[in-house]
Amino acid sequence: MNDSRSSDGWDPAPTRRRVVPRGAGYVIEQQGTVVVRVDPTELPSRFAVQSKLAELAGTCLLRGGADGILLVATDGTELARSEPLAGLGRETGLRCLLLEDGRVFRGIARAGRSGGWELVGWEVPGAYLVARPDESNGWALDETPAGRGLESIDRLAVLLAAEVLDLDAEMTRETR
């Protein structure tokens with residue numbers, strides 16, 4: 001049997017996601033299957049998050065312009081947020097991602113679209129998630145071994161995907 005899982009059942013292989021823009025929203029796919037769908041609602045700046053993943057069930061994204069993006073539960077509880085670093089403009093490509101438990105991460109744009117994005121923290125060296133443009137108009141969102149062990153990785157993936165697509169759209173507009 002050629003199984004990459006260790007004897008304790010943990011699979012060390014990182015998860016590969018694909019982020020695909022769909023109109024004003026986007027989907028996140030894993031192994032060709034849509035696992036998260038983010039669609040605009042009738043309310044401005046509000047996006048419904050549909051997912052079979054337990055930690056994303058019944059959530060929505062709220063876009064606050066320069067203030068960032070919130071991921072909230074149906075009862076209004078804030079689960080995570082993404083915002084610019086204090087004192088820096090959005091164009092720097094630096095974002096701060098915060099979880100409801102107080103953990104803080106940084107989203108870093110690396111040298112424009114071709115350089116991609118990394119989600120880093122302070123607990124381990126290196127990135128938890130790495131976003132790179134793929135062959136179509138989407139992005140590959142790769143979970144690293146460090147990200148594999150991180151709780152709330154799906155919440156962070158949804159926020160990072162939104163940030164990546166927003167900055168990508170801004171860069172595309174500027175180059176036209």
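Residues numbered from 1 in each chain as written. Predicted model: local features only at pLDDT ≥ 70, side-chain atom pairs only at ≥ 80, totals over all residues. Heavy atoms only, no water.

Participant: Break down the sheet that holds strand β9 (residues 104-109) for me, citing the residues and quoting the values.
Facilitator: Within the closed barrel, the twelve strands sit side by side as β1-β2-β3-β4-β5-β6-β7-β8-β9-β10-β11-β12. Their pairing is antiparallel. Shown here is a sheet whose adjacent strand axes are inclined to one another by a mean of 20°, direction ignored. With four bridges connecting them, strand β6 (residues 69-73) and strand β7 (residues 78-84) associate as antiparallel partners. From the neighbouring strand, V72 faces β7, where its bridge partner is E78. (Pairing = 2+ DSSP bridges. Helix = DSSP H or I, 4+ residues; strand = E, 2+ residues; numbered from the N terminus. Axes fitted to C-alpha atoms, helices over the stretch in contact; angles between N-to-C directions.)

Participant: Describe in detail unusual backbone geometry, supporting the description with residues and values.
Facilitator: Note: most peptide bonds trans; most residues except glycine with negative phi. The backbone phi angle of Q31 is positive, close to 50°, even though this residue is not glycine. Position of Q31 among the secondary structure elements: in the loop between β2 (25-30) and β3 (33-40).

Participant: So, the environment of G138: which residues are in play, and what are the values?
Facilitator: On the secondary structure map, G138 appears in the loop between β11 (127-133) and β12 (139-143). When its relative accessible area of 0% is taken as the criterion, G138 is described as buried. The spatial distance from the C-alpha of G138 to the C-alpha of Y26 is 9.4 Å, given a sequence separation of 112 residues. (Buried < 20%, exposed > 50% of the residue type's maximum accessible area, 1.4 Å probe, protein only.)

Participant: Got a sec to walk through the pattern of salt bridges? Specific residues and values, please.
Facilitator: On inspection of all chains with the given rule, the structure shows 13 salt bridges. Between E78 and R81 there is a salt bridge, and its shortest N-O distance comes to 2.8 Å. Looking at E78, the relative accessible area reads 31%, which means it is partly exposed. Given the relative accessible area of 24%, R81 is considered partly exposed. (Salt bridge = Lys/Arg side-chain N within 4 Å of Asp/Glu carboxyl O.)

These values are about where atoms sit, not about what they do.
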